[in-house]
Amino acid sequence: MATFLLGLVAFVSTFFPSGHMIASWAGALGFGTGLYSQYISATTAQRSLNIIGLVASFVGVALGIARGGFLP
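Definitions and cut-offs
Residues numbered from 1 in each chain as written. Predicted model: local features only at pLDDT ≥ 70, side-chain atom pairs only at ≥ 80, totals over all residues. Heavy atoms only, no water. Helix = DSSP H or I, 4+ residues; strand = E, 2+ residues; numbered from the N terminus. Contact = heavy atoms within 4.5 Å. Phe/Tyr/Trp six-rings, centres within 6.5 Å; stacked < 30°, edge-to-face > 60°. Buried < 20%, exposed > 50% of the residue type's maximum accessible area, 1.4 Å probe, protein only. Patch = residues over 30% accessible without salt bridge, like charges linked within 9 Å, V, L, I, M, F, W, Y side chains within 5 Å. Areas by Shrake-Rupley, 256 points an atom, 1.4 Å probe, with all protein chains shown as cover. Salt bridge = Lys/Arg side-chain N within 4 Å of Asp/Glu carboxyl O.

K.L.:
I'd like a rundown of the side chain of Ser57, residues and numbers included.
P.N.:
With respect to the helices and strands, Ser57 occurs in helix H3 (residues 44-66). When sequence neighbours within four positions are dropped, the list of residues in contact with Ser57 reads Thr3, Leu6, Gly7, Gly27, Gly30 and Phe31.

And the structure:
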């Protein structure tokens, strides 16, 4: 669930011009958390939320880096 929330934050903050720092950090944390969570997940429902969160985190971190990166 943490991966999904971090991915959601990363993805939504890319819509704001000054949200690149939040998108970058939340996306990087969400991607790392998602990979570990995918490794230890037990059910298909958990894996589905992990994949959605991983994709949102990746898009968020990619767009955040493209628009300014990790620092203000």
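K.L.:
Tell me about the packing of aromatic side chains, residues and numbers included.
P.N.:
Evaluation of the coordinates by the stated rule reveals 3 aromatic pairs. Each ring, one from Phe11 and one from Phe15, has its centre 5.3 Å from the other, and the planes form 90 degrees; the classification is edge-to-face. In this structure Phe15 comes out as exposed when scored by relative accessible area, which is 59%. Seen from their ring centres, Phe31 and Phe58 are 6.2 Å apart, and the 45 degrees between their planes marks the pair as tilted. With Phe31 in helix H2 (residues 20-40) and Phe58 in helix H3, the pair connects residues that are 27 residues apart, well separated along the chain. With a relative accessible area of 32%, Phe31 lands in the partly exposed category.

K.L.:
So, a nonpolar patch on the surface: which residues are in play, and what are the values?
P.N.:
Taken together, the side chains of Met1, Leu5, Leu8, Phe11, Val12, Phe15, Phe16, Leu49 and Ile52 make up a nonpolar region of the molecular surface, amounting to roughly 880 Å² of accessible area. Of all elements in the fold, only helix H1 (2-13) and H3 reach the threshold of two or more residues within the nonpolar patch. Among the elements that line the nonpolar patch, the one with the most residues is H1, at 4 residues.

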